[in-house]
Every structure is written in structure tokens, then in C-alpha cells.
Amino acid sequence: MAKRISNLALAFSMIDEKTKSVARRMFATNAVDALLAVLGATVAQYLAGVRNPSIMVSSALGISFVMGIFSGVVATLLVESAEQQAEIKHVEQVMATKLSNTVLHRGSLIASIYVALWSGLGMIVMPIIGIAPLLLNMASIIESLDNAVWITICTIDLQLFCLGAWLGNLAGGRWYTWGLKFLGIGLVVTLIAGLLMR
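In this report, the structure presented in the accompanying data block is examined. (Residues numbered from 1 in each chain as written. Predicted model: local features only at pLDDT ≥ 70, side-chain atom pairs only at ≥ 80, totals over all residues. Heavy atoms only, no water.)

**Here's the deal with the overall build of the chain**
- Scanning the chain from N- to C-terminus turns up seven helices and zero strands.
- Counting only residues that meet the buried cut, the chain has 39% of its 198 residues in that class.
- In the chain, of all internal contacts separated by at least 6 residues, the share reaching a separation of at least 24 is 73%.
- Of the roughly 11000 Å² of accessible surface on the chain, 69% is carried by carbon and sulfur atoms. (Helix = DSSP H or I, 4+ residues; strand = E, 2+ residues; numbered from the N terminus. Buried < 20%, exposed > 50% of the residue type's maximum accessible area, 1.4 Å probe, protein only. Contact = heavy atoms within 4.5 Å. Areas by Shrake-Rupley, 256 points an atom, 1.4 Å probe, with all protein chains shown as cover.)

**Topic: the packing of helix α2 (residues 17-47) against helix α6 (residues 145-170)**
- Axis separation between α2 and α6 bottoms out at 10 Å; the angle between their running directions is 160°. Judged on the interaxial angle alone, α6 and α2 are roughly antiparallel. Taken as a pair, α2 and α6 cross one another with a handedness that is left-handed.
- Taken together, the residues of the contact of α2 with α6 sort by class into 19 nonpolar, three polar and three charged. (Axes fitted to C-alpha atoms, helices over the stretch in contact; angles between N-to-C directions. Parallel < 35°, antiparallel > 145°, perpendicular 65-115°, else oblique. Left-handed = near helix turned anticlockwise from the far one by under 90°. Nonpolar A, V, L, I, M, F, W, Y, C, P; charged D, E, K, R; others polar.)

**Section: the environment of Ile15**
- If you trace the backbone, Ile15 turns up in the loop between α1 (2-12) and α2.
- Judged by relative accessible area, Ile15 falls into the buried class, the value being 12%.
- Sequence separation between Ile15 and Ser108 is 93 residues; the distance between their C-alpha atoms is 8.4 Å.
- In this view, Ile15 contacts Lys20, Ile110 and Tyr114; residues no more than four positions away in its chain are not counted.

**Re the nonpolar core**
- In terms of nonpolar packing, the biggest core is built from 26 residues, with Leu134, Val149, Leu160 and Leu163 touching the most fellow members.
- Mapped onto this core, the elements with two or more residues apiece are α2, α3 (53-95), α6 and α7 (175-196).
- Broken down by element, the residue count for this core peaks at nine residues, all from α2.
- Aside from chain neighbours lying at most four places away, what touches Leu160 is Val32, Leu35, Leu36, Phe182 and Gly186. (Core = buried A, V, L, I, M, F, W, Y, C linked by side-chain atoms within 4.5 Å.)

**Description of the packing of α6 against α7**
- Remark: α6 packs on α7, axes separated minimally by 7 Å, with the N-to-C direction vectors making an angle of 145°. Where α6 crosses over α7, the handedness of that crossing is right-handed. Contact with α6, carried on its side by Ile153, Asp157, Leu160, Phe161, Gly164, Ala165, Leu167, Gly168 and Asn169, involves Trp175, Tyr176, Trp178, Gly179, Leu180, Phe182, Leu183, Gly186, Leu187 and Thr190 of α7 and no other residues of that element.
- Counted by class, the contact of α6 with α7 contains 12 nonpolar, six polar and one charged residues.

**A closer look at the packing of aromatic side chains**
- This model, assessed by the stated rule, comprises five aromatic pairs.
- For the ring pair Tyr114 and Trp118, a centre distance of 6.5 Å and an interplane angle of 65° mean the geometry is edge-to-face. Linking Tyr114 with Trp118, this pair stays in helix α4 (residues 103-130), spanning four residues, or about one helical turn.
- With relative accessibility at 36%, the residue Trp118 sits in the partly exposed group.
- Seen in terms of ring centroids, Trp175 and Tyr176 are 5.7 Å apart; in terms of plane orientation they differ by 85°. Their pairing is edge-to-face.
- On the accessibility criterion, Trp175 (46% relative accessible area) is partly exposed.
- Of the residues examined, Tyr176 reaches a relative accessible area of 40% and is grouped as partly exposed.
- One Lys or Arg, Arg51, reaches over the ring of Tyr46 and ends 4.2 Å from the middle of that ring.
- A cation over an aromatic ring shows up here: Lys181 above the ring of Trp178, its NZ or CZ 5.1 Å from the ring centre. (Phe/Tyr/Trp six-rings, centres within 6.5 Å; stacked < 30°, edge-to-face > 60°. Lys NZ or Arg CZ within 6 Å of the ring centre and 35° of its normal.)

Take a look at the structure:
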């Protein structure tokens with residue numbers, strides 16, 4: 001038992017900077033994808049005359065959970081597992097030995113799960129934060145649906161700005177420039193959704 005725990009701890013320790021970098025990239029990319037999808041859907045529904053916040057919230061949650069679970073977690077887990085297996089196969093060829101049921105094999109599995117969880121987290125959590133004003137409207141805390149929709153749009157745009165600023169900071173660039181780039185994407189999506197619904 002103690003040996004198994006020790007091996008598991010060693011496997012977790014194999015989550016290196018490369019794995020963490022991939023996880024950050026997947027989190028940010030998928031968070032942006034989900035936020036833009038929810039933003040476009042919310043704007044389109046509002047301009048189409050939908051005035052029921054529960055419909056908007058259900059749509060947003062459906063987008064975020066379906067994308068988060070199937071694209072964010074399941075698909076990412078499959079892709080990362082394939083990449084990790086390819087690396088292990090290469091090591092096996094170099095070492096001329098099988099590495100199944102070794103710490104290296106378990107570590108690769110844990111690394112794949114780690115990346116997949118962060119990938120799905122971005123797609124699920126960020127949109128839920130974005131539609132918080134709509135949830136508050138359903139709870140009658142924000143009384144006007146019009147205000148709730150506009151605050152939702154502003155919240156999502158702010159989230160996009162923050163994601164861009166975070167990535168810009170990681171890249172060592174001007175965080176506000178990166179933030180404005182991502183904010184610009186959100187504004188363009190809002191404009192396109194608005195034009196399509198005219």
C-alpha cells in the first residue's frame with residue numbers, strides 16, 4: 001500500500017512545466033471558444049426577441065457543458081493520451097524495453113487527465129461566470145432583463161480581456177495590448193451576431 005502511494009506520488013510529480021504549459025493553453029483556448037459561443041448565442045436570442053432569461057441560461061449552460069465535457073475533457077483526453085503513448089513508444093524503442101505498468105506510464109496517464117480537466121474547466125466555469133447577470137435576473141436581483149443582457153455582454157467581454165491580459169503577461173508582452181486583442185474578438189462576435197439577426 002505504501003509503495004503504491006509512493007509510486008502514485010512519483011507519477012504526479014511528473015506533471016512538468018511542459019504539461020502545465022499545455023494545460024494553460026488548453027484552458028485559455030477553450031475558455032475563449034465557450035465564451036464566444038455563449039456571447040453569440042445570448043446576443044442572437046436577445047435580438048430575436050427572446051425575453052425569457054431561463055431560455056438564455058439553458059442555452060448557455062447547454063453550450064458550456066456539452067463543449068466542456070465532450071470537446072474539453074473527452075476529446076482532449078483522447079488526443080493527449082495518444083500524444084503521451086507516442087512519446088512512450090519512442091522511449092520504449094530507444095530503451096528496447098516495455099514501459100507498461102511503470103511509473104512513467106502512470107505519469108503519462110495522469111498528465112493526460114490533468115490537461116483534460118483544465119481544458120474542460122475553462123469551457124464550463126468561465127461561461128457560468130459570464131451569465132451570472134442572467135441568473136441574477138432569474139432570481140429577481142437584477143429586475144430588468146435588458147440590463148441583465150447588457151451586463152452579461154460586458155462581463156463576457158471583460159473575461160476575454162482578462163484572459164488576453166493573462167496570456168500577454170505569461171508571454172512577457174504588454175498585458176493590456178493582449179487584453180485589447182481578445183476584447184476586440186468579443187466585440188466583433190457581438191457585431192456579427194447583431195448583423196446576422198437583422
